[in-house]
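Chain by chain, the residues run as shown.
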2 protein chains.
Amino acid sequence: MSIKSIQEHLQKNNLHGQIITMSNLFIAQDIRDDENKIKELTNFTGSTALLFVTQKNAYLFVDGRYILQAKKETNPKLIELILQDDEAFCSLSKTLKKLYKNSSATILYNPWEISEQTKLFLQKELPNINFSSVPNPSYNLTQTIAKTFTHQKKFTGLSTNEKLTFVLNYMKQQKIDNYLITSPANASWLLNMRSNALKHSPVFRAYVLINKTGTCKVFANSTNYTKALPLEALEDTLKNTPKLATDYRTTPSIIIDFAPSIQNYKDPIENLKSIKNPTELKGFEQAHIRDGVAVTKFLYWLSKNYSQKTELDIAQKLTSLRQEEKNYYSDSFNTISAFGANGAIVHYAPTPKNNLTLKKGSLLLLDSGAQYYDGTTDITRTISIGKPTEDMKQNYTLVLKSHISLATAVFPEGTSGEKLDILARNSLLQHNLNYAHGTGHGVGHFSNVHEGPFRISINSNSNIPLQKGMVTSIEPGYYKENHYGIRIENLYQIIKYQKTPYLTFKALTLVPFDKNLILKDLLTNEEIDYINTYHQQVFNNLKKYLSRLELDWLKDKTSPI
Amino acid sequence: MSIKSIQEHLQKNNLHGQIITMSNLFIAQDIRDDENKIKELTNFTGSTALLFVTQKNAYLFVDGRYILQAKKETNPKLIELILQDDEAFCSLSKTLKKLYKNSSATILYNPWEISEQTKLFLQKELPNINFSSVPNPSYNLTQTIAKTFTHQKKFTGLSTNEKLTFVLNYMKQQKIDNYLITSPANASWLLNMRSNALKHSPVFRAYVLINKTGTCKVFANSTNYTKALPLEALEDTLKNTPKLATDYRTTPSIIIDFAPSIQNYKDPIENLKSIKNPTELKGFEQAHIRDGVAVTKFLYWLSKNYSQKTELDIAQKLTSLRQEEKNYYSDSFNTISAFGANGAIVHYAPTPKNNLTLKKGSLLLLDSGAQYYDGTTDITRTISIGKPTEDMKQNYTLVLKSHISLATAVFPEGTSGEKLDILARNSLLQHNLNYAHGTGHGVGHFSNVHEGPFRISINSNSNIPLQKGMVTSIEPGYYKENHYGIRIENLYQIIKYQKTPYLTFKALTLVPFDKNLILKDLLTNEEIDYINTYHQQVFNNLKKYLSRLELDWLKDKTSPI
C-alpha cells in the first residue's frame, strides 16, 4: 500500500478522502511495527499520528512532541504536516471543515480502527460529510503468535475473582447483563494475564465478554492462549447477547454494527486499575529501588566512559544494566537517548541513521523506563556532558524549579490534573519558556507506561480527580530548537498530606538530579531543602546495592548543594 | 407568609414539598430586601440561599461563606441548615434523592423564580418527582418605582447601536430572528441604561426582545421608563414571535410555557461585556485611584481614631469618604466590617444587634467597594488593631503569599480560572489552611460587582478562558473560627505578559497591605520585591490627592520592607 495507490483508488471511485489511523481493533493501545500503516505510508516513526489522504494531498497530524521529528522523516512533496492544536480527531475535524466548507464529501474509514465515540464525534461535527466504511474492513493484526502468561498474585495483589466482584457490582448497579471489555490493558488487569505481543507493553491483547453470572468469554487471535475464542466469533456472539454494554471510547465502530443495541457505559476497570492496591504500591517502590540502582550504575559508567559513545551505545548500556535487575521483563518504551540538538526533538529516538556521538559542551536527555513484574518505571534525566554553558544551567534550574513546584503541591481531594498543571508551567512562562506537551500521565502496573484515566495537562478539560493510590509522572521540560532539550521526570505516588484532608505526591523514582546544572542562586531555601532531602533519600535507598566506586560517586552526587 | 403556613398548605393538599428561591423573574440578579422571601421566612440575611419546605421540616441550603452566619440567624427548631458542597440546586437535588429514594413525590416551585435550565436539571436528576407550579405564580417584584437613567457614552465607550451590531451578528450566525435578553446586567449593558432599583447594583431590571432588523422591545415594571412595555405583555408578545431564542440559564421556566418553541442559545452579551473596552478600562483605572484615595484616607483616620469605634462606625466612615470622590454613585455591596471573631464569618455584615466595638489585639477584616460611573471597585484589607499576635502575623503573611502567587501568574491564552486557583490555594494548603470560597470573580463596569462568565475557583469545572481585557478579583483568605478572619483582595486587569504570547494580571486596586502583619522571614526575595514595587505604585498614584498628614502616613506605610 502507498499513498499513491490510495489516491488512485479515491480518484477511480470518486471519493474525497480516506482516514488512516495508527491503530487496529485495540483502539487506545500501542501497535506493533508490522501493524503500523502510517509508518509504511509516510516513514514517520513516532508512536502517534493520524493520516488523511485526499485525491491529491496527504495530511499527517502530529502533536508538539513529534513535529520536528516528522519534518525530518517525511517527504514534504508528498505529505503536509499539521501540528495538532488539540486531540488528533479534533484537529482532523477542523481541517475537514476547512476543506469541505460548503460542499458534501464522502470519506472512507476503517470501522475496526475508529472508535464508536470518534465516529459519533465526526458525524456530529461534520454533518455534510458521509463517512463510509472501506470495503471488507479488516482489523490488521499481526500473524505472529504471542506468548501469554499469568501475572502472579504476589505481584497483582488481587485474584481475577476478586477483581471480577468489583465489575459485577458495577454491572448490577447499572443494570447491565453483559459487558464487553475492549481495552487490552483492562482485559489484562482483570484476567491477571500478560503477553509478549508488544515490545514495551506486556498487555494481553484480547476482548473479554463478562456475563452477570461471572462467566467470561475471552476473544483473541494471534496468541497461544488456547481458551480464547477467535475474533471471528465476535459478530455472532454479540448479535445474540442481550442487555449488552461496552465503552464507546475503546470499542471499534464495527462492533456497534454487529450489535446495534449495545449500550455505552464507561469501562469501570479504567478507574479501578488506576488506584493501585497495597501490593502494587509496594511493588512500585521495590521496582524503583532496583531501577534507581540500574540508572545510577549507568550514570557512574557514563561519567567515566562518555567519550566516543553514541546515543545508541548509551541506550544499549542502560538497557543491559536494567536487565541485570531482579523482576526485569522489558524496557517500558523505546529509550529516548537524545544528545545536543536531538534533545529538542521531544520524543526523539536514535536510529543508526541519526545517531549522534557525544562530545563535551552539551546536554544528554535520557528518557527511559522498564517493565518489572512488580512495577513499571519511567524516568527522564538531563545530563551535562563536559562543561555546561550558563544558559543551559539557567534553563535546567528553571525546569527543576518547575518540577519541584508541582512535586510539592498540596491539593484538595477531587482536584483534577488540569487544575495542577499551572504549578509546573507558571514558573517557566514567567521566563517566556514553555513546553508543548503535558506535565504528567498515569502509569500502569506491569502494563502500559501511559495509563488513564487522568492526566496533568493545561490543555485538556477532563474532570478526573487525582486520588490516593494513583501513580503519575511529573515531567516539565524546555526545548531549545537546534541546541538542546531539558526534561526532568520522576514518578510519584499520590498520598495523603500529613494529617490533613489533602493530597500530595511522594517520589517513587530514586536517581540524583545533575548538580552540575543547578544554579543555587535561582533557588529558594525551600527548593534547596527539597533537593537535598531527595538526594539523601536516593542515597539511603540505593547504597546497599552499589559497588564501592559507584557508592563514592553517588555520595558526591547526592551531597548537599 | 410563614414556614408554618406553607407547611399547612402542603399538608392540606397532600403535597410533599415546596422550593423557595432568593430570586424573582431576574434569575441571576440580586433582589431588594422587600423581595426577599427567604429572609422573611427564616431571618437569614445573607445574599444567597435556597429553601426547601416539607410538611414537617424546612431545609436551608447555604454555602461555606454563610454557614456560621446562618447558624446565628436561624431557628434550629424550625430550620435544618445544609452546607452546600456544590451549587445550590445540585445540593438540593442530592437531598431530594435521599428524601424520596424509592417513592414518587410532588413538589411545588414558582416558575418565575426557577430558570428553565434549573427546571430541566431537576427533572433529569429526579425522574420520580413531579415538579408542579404553585397556583397562579407571580414574579414578586417590588411596587417601588425605580428611577432609570442613561449611562453616558464617555463612560461606556460604545453606543447602544454599536453594541447591537455585535448581537445582531451573533443572531445572524446562529440563524435566530428574535432574541430575548433576560439578564438585567446584559440588558443594561446593551441599552446603556441603569436604574436605582437595587441598593448596590445599578442595573436596569428589564427584559429586551431584539429583532434581527435591530428593533428592540423593552419590558419592565416598577420603573419610570415610559418606553417600556409592561411585563404582562410578555406572554402575548412571545407567543407571536417566530424563530425566538433565549438563554435558559437566566430565563424563568414560565417563559418557555409562554413560547414553547423558544430555543436555548447562550446570551452573547455575557462574554462581550466581560471583555472591557479601552474606555471602560481607563475608567476602571481612574476609579481605582479615587477609591484608593478614599480607602487610604480612611486607613489614616482609623489609625488615629479606632478607639471606641464600632464595626458600623467604621463602615459609615468609609462610605462617607468614598462619597466625597468624583463619579461616586453608591457602594457596590454592603460593607463587610468584621472585627475579631466576626471576621471568621466570611460574608458577615454588621447590624446594630451584633455590632462589635474595636479593641486592641485583633484584626479588622474590611471588604468594601463602590460603584463609580467610570468603574466598580471591590477591595478587602485586613488591618491589625493594636499589636497582633505571632499567629495572626504568620497567617496573614501566608495569605499574602497566596495572593502574590496568583497575582504574579503567567499563563497561556485559553486558560480558565479553574486551572489557576491552585496557585493561590497550594501555599495555604501546605500549612493545612484553606478557605471555603472561590479565589476570584469577574467585576462589572458600573454594574454587578460579581459578574460572569468566568471565575477563579478550584471546585468548578467551567471552561471559560480568562482573556485580555477582563477584570477579576483575587481574594484568598483564612478564617480561624471564634478568633479572626483574614482576606486580602485586589482587583486586576488581565493583560499581555511583556512581549510573550502569555497573559498576566495588572493590579487596579491601590491601597497598601498592612506591614505590621507581614513576617518578612516567610517571604522570598521575589515576594519582597513584589510588595515593595506595589507599595511604590500605590504611593505614586495617590500622593497628589492626600493631605500632608495623610501623605506622611502613606509614605511610612509604603516604605520598603
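Residues numbered from 1 in each chain as written. Chains lettered and ligands numbered in written order. Predicted model: local features only at pLDDT ≥ 70, side-chain atom pairs only at ≥ 80, totals over all residues.

**What about unusual backbone geometry?**
Next up, step 1: Here the bond from Gly452 of chain A into Pro453 of chain A is cis, since omega is 0 degrees, no more than 30 degrees from zero.
Next up, step 2: Examined against the element boundaries, Pro453 of chain A turns out to sit in strand 22 (residues 451-456).
Next up, step 3: In the Ramachandran plot, Asn136 of chain A falls in the positive-phi region, its phi being about 45 degrees despite a non-glycine side chain.
Next up, step 4: Within the fold, Asn136 of chain A resides in the loop between strand 6 (129-133) and strand 7 (148-150).
Next up, step 5: By the C-beta count within 10 Å, which is 5 here, Asn136 of chain A ends up exposed.
Next up, step 6: Residue Gln498 of chain B is not a glycine yet carries a positive backbone phi of 45 degrees.
Next up, step 7: With respect to the helices and strands, Gln498 of chain B occurs in the loop between strand 26 (490-496) and strand 27 (502-507). (Helix = DSSP H or I, 4+ residues; strand = E, 2+ residues; numbered from the N terminus. Buried ≥ 20, exposed ≤ 12 C-beta atoms within 10 Å, placed from the backbone.)

**Comments concerning the relation of the copies chain B and chain A**
Two copies of one chain are present, and they are related through a rotation about an axis combined with an axial shift.
Next up, step 1: Placing chain B over chain A gives an RMSD of 0.1 Å and needs a rotation angle of 180 degrees, together with 0.1 Å of translation along the axis. As the rotation angle and translation indicate, the two copies are arranged about a two-fold axis. Of every C-alpha in chain B, the one belonging to Lys419 of chain B sits nearest the axis of rotation, 2.0 Å from it.
Next up, step 2: Both copies contact each other with a shared surface, as 100% of the interface residues of chain B are interface residues in chain A too. (Least-squares fit on C-alpha atoms with pLDDT ≥ 70 in both. Contact = placed C-beta atoms within 7 Å.)

**A closer look at the domain arrangement of chain A**
All names here are of chain A.
Next up, step 1: Segmentation of chain A into domains returns domain 1 (3-133), domain 2 (148-273) and domain 3 (275-550).
Next up, step 2: Measuring from the centre of the C-alpha atoms in domain 2 to the corresponding centre in domain 3 gives 33 Å.
Next up, step 3: Counting from both sides, the interface comprises 17 residues of domain 2 and, opposite them, 22 residues of domain 3.
Next up, step 4: Among the elements of the structure, helix 6 (153-156), helix 8 (184-191) and helix 11 (268-274) are those that each provide at least two residues to the side of domain 2 that touches domain 3.
Next up, step 5: Looking at the side of domain 2 that touches domain 3 residue by residue, the classes come out as 7 nonpolar, 7 polar and 3 charged. (Domains from an automatic or database assignment. Nonpolar A, V, L, I, M, F, W, Y, C, P; charged D, E, K, R; others polar.)

**Structural notes on the interface of chain B and chain A**
Next up, step 1: Of the residues lining the interface, 21 residues belong to chain B; the matching set on chain A comes to 21 residues.
Next up, step 2: The set of elements that each furnish at least two residues to the side of chain B that touches chain A consists of strand 20 (410-412) and helix 15 (421-429) of chain B.
Next up, step 3: For the side of chain B that touches chain A, the residue count by class is 10 nonpolar, 8 polar and 3 charged.

**As for the confidence of the model for chain A**
Next up, step 1: Averaged over chain A, the pLDDT score is 96; the fraction of residues at 70 or greater is 100%.
Next up, step 2: Scored as a whole, the predicted complex attains pTM 0.92, and scored at its interfaces, ipTM 0.89. (pLDDT = per-residue confidence, 0-100.)

**A look at the sheet that holds strand 11 (residues 216-219) of chain B**
Sheets are built from strands paired through backbone hydrogen bonds, the pairs being either parallel or antiparallel.
Residues and elements named next belong to chain B.
Next up, step 1: What the 5 strands build is an open sheet, ordered 11-10-8-12-13; its pairing is mixed. Both outer strands of the open sheet, strand 11 and strand 13 (263-264), are each paired with one neighbouring strand and no more.
Next up, step 2: Both strand 8 (residues 178-181) and strand 12 (residues 244-246) contribute to a ladder of 3 bridges, which runs parallel. Residue pairing for strand 12: Leu180 is matched across the bridge by Thr246.
Next up, step 3: Strands in contact with helix 8 (residues 184-191) are strand 8 and strand 10 (207-211); relative to strand 10, the strand with the most contacts, it is inclined by about 55 degrees. (Pairing = 2+ DSSP bridges. Axes fitted to C-alpha atoms, helices over the stretch in contact; angles between N-to-C directions.)

**Points about helix 5 (residues 116-125) of chain A**
Residue and element names in this part refer to chain A.
Next up, step 1: Restricting attention to buried positions, one finds in helix 5 the residues Glu116, Thr118 and Leu122. The arc enclosing the buried residues of helix 5, seen along the axis, measures out at 160 degrees, which places them on a common side.
Next up, step 2: Those residues of helix 5 that are buried lie in contact with helix 4 (88-99), strand 6 and helix 10 (253-258). (Arc of directions from axis to C-beta.)

**A short note on helix 8 of chain A**
Residue and element names in this part refer to chain A.
Next up, step 1: Taking burial as the measure, the 8 residues of helix 8 include 8 buried ones, the bulk of the element.
Next up, step 2: Of the residues making up helix 8, those classed as buried are Pro184, Ala185, Asn186, Ala187, Ser188, Trp189, Leu190 and Leu191.
Next up, step 3: Tucked into the core, helix 8 has its buried residues touching helix 7 (160-174), strand 8 (178-181), strand 9 (193-195), strand 10 (207-211), helix 11 and strand 22.
Next up, step 4: Count one or two residues on from helix 8 and you reach Asn192, which has phi positive near 50 degrees.

**Notes on the packing of helix 15 (residues 421-429) of chain A against helix 15 of chain B**
Next up, step 1: Two elements in contact, helix 15 of chain A and helix 15 of chain B, have axes whose closest approach is 9 Å; the angle formed by their N-to-C orientations is 100 degrees. Our classification of the angle between helix 15 of chain A and helix 15 of chain B gives roughly perpendicular. Contacts between helix 15 of chain A and helix 15 of chain B involve Ile422, Leu423 and Asn426 of chain A from the former and Ile422, Leu423 and Asn426 of chain B from the latter.
Next up, step 2: Residues of the contact of helix 15 of chain A with helix 15 of chain B, tallied by class, amount to 4 nonpolar, 2 polar and no charged. (Parallel < 35°, antiparallel > 145°, perpendicular 65-115°, else oblique.)

**Here we look at the environment of Leu546 of chain A**
Residue and element names in this part refer to chain A.
Next up, step 1: Its location among the elements puts Leu546 in the loop between helix 16 (525-542) and helix 17 (548-557).
Next up, step 2: Take Leu546: there are 18 C-beta atoms within 10 Å of it, and that puts it in the partly exposed class.
Next up, step 3: The spatial distance from the C-alpha of Leu546 to the C-alpha of Val293 is 7.2 Å, given a sequence separation of 253 residues.
Next up, step 4: In contact with Leu546, other than residues within four places in its own chain, are Val293, Thr296, Leu551 and Leu554.

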